[in-house]
Structure formats: structure tokens, C-alpha cells
Amino acid sequence: LLKRLPGLTVDAKGKLFFNGKPVTTILVDGRPFFNEDGGVALDNIPADMIDKIAISDMKTREERLLGRRANGESKTLNIQLKEGNKYFGNVYAAAGTDGRYSANGLGTASIGKDRWSARADVKNVNQFDGGGMAMPMIMSIGTSGGGITRTISGGLDYSRQLPGPGDNLSAAY
């Protein structure tokens, strides 16, 4: 879906650019989704749930504090979901030889001004990437026979849209 937007390009590492300027923040309904990086949103939101996508200049902290206009060097992408209660998620599981496995899941519910998300990841394939999630997580790493590393991670995210424009309450664990 994003590749069809005029002026938006995706490089080989999956980074977004709009008219050559980096997209540094990705929001869902005007709020961060796990974090402002947005990779989780791009990887998990079904295209048929999206109502609109808006790209705008992002202000630096200094510009916001001093009331200045954005310099246009970085962009924000905001994904607006269709109206109504919004639920989505996915589960992935794989198993192989020698007892190797990898599984992860993500679930999200947006109801009114509240959004709850949870994710979990477990694997023993000598790989830790947080399941592709850049977010606070609980993690346990240990080794078992043959030097195989087992990873377990998980995270919770809560967000509430407050009355002021652009004001949000969010917590992540």
C-alpha cells in the first residue's frame, strides 16, 4: 500500500523516504504504535483497515518549544484506521529438526480513545531480534545443549488519546 503513494519510497533496509526526506515517525490514529519507529505498525496493520495516510513535516523538540515552523528535513507518516472498534493481530509459528522452534504473536484492540497491544516471542534458533519489535520487553536468555540460545520476550503497550490536540497518554512495559 505504501509503495503506491506518490513521492514515498522504501530503501533496501525498509526505511521510508518522502520526496527524499526521511520519515522519522510513524503514528497510528495520531499516536505512536509501540514506539514512534512504526515498523510494528507497518508490519502488522492489514491494508483493508486503513482509511487514509497523511505525511507531514515533523518538528524537532526545539521547533516545538520555540513555536517555530518545521524545517522540512524529517517527515511524520500518520495511518488513520477506519471508524469503529479496531482489532487485529497475527500469530506466527515454525518448527524444524532437532527440536528447533520459533513463535510470536501480536494483538491490538482500539476502542474509542483507548488502545491496548500485547506481543510475545519465543524461539531457540540462535536469533534475538525482539520479533521485529523495537519496544520495551521482558527477556530471558539462556543456553541449552549444543550452545543453542533460547529467547523469550514480550511487551505491553497502552495509549489513550487526551482532549488536547496531539496530547496522548501512553505506557509500555
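Residues numbered from 1 in each chain as written. Predicted model: local features only at pLDDT ≥ 70, side-chain atom pairs only at ≥ 80, totals over all residues. Heavy atoms only, no water.

A.B. asks: Sorry if this is basic, but what is going on with the overall build of the protein here?
C.D. replies: Within the protein, the secondary structure is distributed over 2 helices and 12 strands. Seen in sequence order, the protein has helices and strands lined up from the N terminus as β-β-β-β-α-β-α-β-β-β-β-β-β-β. The buried share of the protein, reckoned over its 173 residues, is 33%. By element, 54% of the accessible surface of the protein is carried by carbon and sulfur atoms, the whole surface being about 10400 Å². (Helix = DSSP H or I, 4+ residues; strand = E, 2+ residues; numbered from the N terminus. Buried < 20%, exposed > 50% of the residue type's maximum accessible area, 1.4 Å probe, protein only. Areas by Shrake-Rupley, 256 points an atom, 1.4 Å probe, with all protein chains shown as cover.)

A.B. asks: Explain the pairing of strand 3 (residues 21–28) to me, please; I cannot follow it from the model alone.
C.D. replies: On any regular strand, side chains alternate: one points to one face of the sheet, the next to the other face. Of the strand pairs in this sheet, strand 2 (residues 16–18) and strand 3 are connected by 2 bridges, and their pairing is antiparallel. In the sheet register, phenylalanine 17 faces strand 3, and the bridge partner there is proline 22. Inspection of the sheet shows strand 3 paired to strand 6 (residues 75–81) by 5 bridges, in the parallel sense. Bridging from a neighbouring strand, valine 28 pairs with isoleucine 79 of strand 6. Two elements, strand 3 and strand 4 (residues 31–32), share 2 bridges in a ladder whose sense is antiparallel. Pairing of valine 28 across the sheet is with arginine 31, part of strand 4. If you look at the hairpin formed by strand 3 and strand 4, you'll find 2 residues sitting between the two strands, and aspartate 29 has a positive phi there, around 55 degrees. (Pairing = 2+ DSSP bridges.)

A.B. asks: Before we go on, may I ask you to explain the side chain of threonine 76 in this structure?
C.D. replies: In this fold, threonine 76 is placed in strand 6. Classification of threonine 76 as buried rests on a relative accessible area of 10%.

A.B. asks: Mind showing me how you'd approach the pattern of salt bridges here?
C.D. replies: Note on pairing: side chains with opposite charge can pair once their charged atoms come close. In total, this model carries 2 salt bridges according to the counting rule given. The closest approach of N and O atoms between arginine 160 and aspartate 114, which form a salt bridge, is 2.8 Å. Taken as a pair, arginine 160 in strand 11 (residues 148–161) and aspartate 114 in strand 9 (residues 114–123) lie far apart in primary sequence, 46 residues in all. Of the charged contacts in the structure, one is a salt bridge between lysine 123 and aspartate 121, with a shortest N-O distance of 3.9 Å. Accessibility classification places lysine 123 together with aspartate 121 in one group, the buried group. (Salt bridge = Lys/Arg side-chain N within 4 Å of Asp/Glu carboxyl O.)

A.B. asks: Mind showing me how you'd approach unusual backbone geometry here?
C.D. replies: Negative phi values dominate among residues other than glycine, just as trans dominates among peptide bonds. Phi is positive for asparagine 19, which is not a glycine, with a value near 50 degrees. Along the chain, the position of asparagine 19 falls in the loop between strand 2 and strand 3. Of the residues examined, asparagine 19 reaches a relative accessible area of 56% and is grouped as exposed. Positive phi outside glycine occurs at aspartate 98, with the angle close to 55 degrees. Along the chain, aspartate 98 turns up in the loop between strand 7 (86–95) and strand 8 (101–111).

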